[in-house]
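What follows is each chain in one-letter form.
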Amino acid sequence: MADTPSSFTLTSPAFHDGDTLPQAHVHDSAGGANRSPALRWSGAPAGTQAFAVTAYDPDAPTGSGWWHWVVYNLPADATGLPEGAGSADGGALPAGAKQGRTDFGSEGYGGAAPPPGDKPHRYVFTVHALKSRIDVPADATAAFVGFNLHFATLAKASVTARYGR
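From a predicted model like this one, the values you see are computed outputs, not experimental measurements.

A. Spatial organisation of the overall build of the chain. Of the regular secondary structure elements, the chain holds 1 helix and 8 strands. What you see in the chain, going N to C, is helices and strands ordered as β-β-β-β-β-β-β-α-β. In terms of C-alpha radius of gyration, the chain reaches 15 Å, essentially the compact-globule figure of 15 Å for 165 residues. Seen through its C-alpha atoms, the chain measures out along the principal axes to roughly 45 × 35 × 30 Å. Counting the 165 residues in the chain, one finds 46% classified as buried.

Structure (structure tokens):
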């Protein structure tokens, strides 16, 4: 994978890097609204043919973290996703975009839900600029999609929020 160009950035109007994740983006089992945050990116490298977005908690007490969201094969002219684009039906996603199965066991965004009393977890939202669309089975897990993203990623940019309860 090429080095991430400093001009490739990811932001969210819902939070700044390092902020607490707003309740709107927390899982309903943890008292939130379980809506994916709006995301905006810019500065993708030349040759970008598609994008993918992932949300991952590296602090989950699983030994391998927790995948909260994976969207892939977003069109090369995409510059972001609106709030709520991660609904299970994918209705707000651009044509051709797909969602992989998260560690919650289903497609679509699954918000923050760390164990009560655990230290605040990090929720890393990453946009991947891809050199090609990826071809994975419809029921692919987030880890399998992530494996394929590794080989197709030209550059990536991230923004991280924290949440604890």
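Structure shown, so let's carry the discussion forward.
B. Spotlight on a nonpolar patch on the surface. Taken together, Phe-144, Phe-147 and Phe-151 make up a surface patch of nonpolar side chains, about 340 Å² in accessible area. Relative to the assigned elements, Phe-147 resides in helix 1 (residues 142-152).

C. Structural detail: the packing of aromatic side chains. Counting across every chain of the model gives 7 aromatic pairs. Among the aromatic side chains, those forming a connected cluster through ring pairs are Phe-8, Trp-41 and Phe-51.

D. Up close: the sheet that holds strand 8 (residues 153-163). Sheet architecture is open: 5 strands sit in the order 6-4-3-7-8, paired in antiparallel fashion. Since the sheet does not close on itself, it has two edges, and those belong to strand 6 (98-99) and strand 8, each with one partner. Relative to strand 6, strand 4 (residues 66-75) runs antiparallel, the two sharing 2 bridges. Directly across from Val-71, in strand 6, lies its bridge partner Gln-99.

E. Local environment of the pattern of salt bridges. Tallied over the entire structure, the rule returns 2 salt bridges. Where Arg-122 meets Asp-59, a salt bridge forms, and the shortest distance between an N and an O atom there is 2.7 Å. Taken together, the residues span a long stretch of sequence, with Arg-122 in strand 7 (residues 121-130) and Asp-59 in the loop between strand 3 (50-57) and strand 4 at a distance of 63 residues. What makes Arg-122 partly exposed here is its relative accessible area of 33%. We classify Asp-59 as buried; its relative accessible area is 15%.

F. Up close: the nonpolar core. Residues Trp-41, Val-53 and Phe-125 are the most contacted members of the largest nonpolar core, which totals 30 residues. When neighbours within four sequence positions are excluded, Phe-125 is seen to be in contact with Leu-10, Phe-15, Leu-21, Pro-37, Leu-39, Thr-54, Ala-55, Tyr-109, Ala-157, Ser-158 and Val-159. In this structure, Tyr-72, Ile-134, Val-136 and Ala-152 belong to the second largest nonpolar core, which totals 13 residues.

G. Representation of the sheet that holds strand 1 (residues 9-11) within the structure. Spatially, 1-2-5 is the arrangement adopted by the 3 strands of the open sheet, whose pairing is antiparallel. Bordering the open sheet on either side are strand 1 and strand 5 (80-81), each of which pairs with just one other strand. The sheet contact formed by strand 1 and strand 2 (residues 39-42) spans 3 bridges and is antiparallel. Bridge assignment links Thr-11 to a residue of strand 2, and that residue is Arg-40.

The rules we used
- Throughout, residues of each chain are indexed from 1 in the direction in which the sequence is written.
- Side-chain atom pairs in this predicted model are given and counted only at pLDDT of 80 or more, local residue features only at pLDDT of at least 70, and totals for whole chains, interfaces and linings cover all residues.
- The basis for every side-chain value is the complete set of non-hydrogen atoms in the structure, without hydrogens or water.
- Where helices and strands are cited, they refer to DSSP runs of H or I of at least four residues and of E of at least two residues respectively, numbered from the N terminus.
- The reference for a compact globule is 2.2 Å times residues^0.38; the radius of gyration itself is calculated from the C-alpha atoms.
- Here the term buried applies to any residue with accessible area under 20% of the maximum for its type, exposed to any over 50%, and partly exposed to those in between, with areas from a 1.4 Å probe on protein chains only.
- Patch members must show over 30% relative accessible area and no salt bridge, and they are joined within 9 Å when carrying like charges or within 5 Å when they are nonpolar side chains of Val, Leu, Ile, Met, Phe, Trp or Tyr.
- What sets the accessible areas is the Shrake-Rupley method with a 1.4 Å probe; for residues, cover comes only from the shown protein chains.
- A side-chain nitrogen of Lys or Arg and a carboxyl oxygen of Asp or Glu constitute a salt bridge if their distance falls within 4 Å.
- For this analysis, a ring pair means two rings from Phe, Tyr or Trp (six-membered ring only for Trp) whose centres lie within 6.5 Å, classed as stacked if their planes differ by under 30 degrees, edge-to-face if by over 60, and tilted for the remaining angles.
- Strands are labelled as partners when DSSP assigns at least two bridges between them.
- What makes a nonpolar core is a set of buried Ala, Val, Leu, Ile, Met, Phe, Trp, Tyr and Cys residues whose side-chain atoms join them at distances within 4.5 Å.
- Contacts between residues were defined by any pair of non-hydrogen atoms, one from each residue, lying within 4.5 Å.

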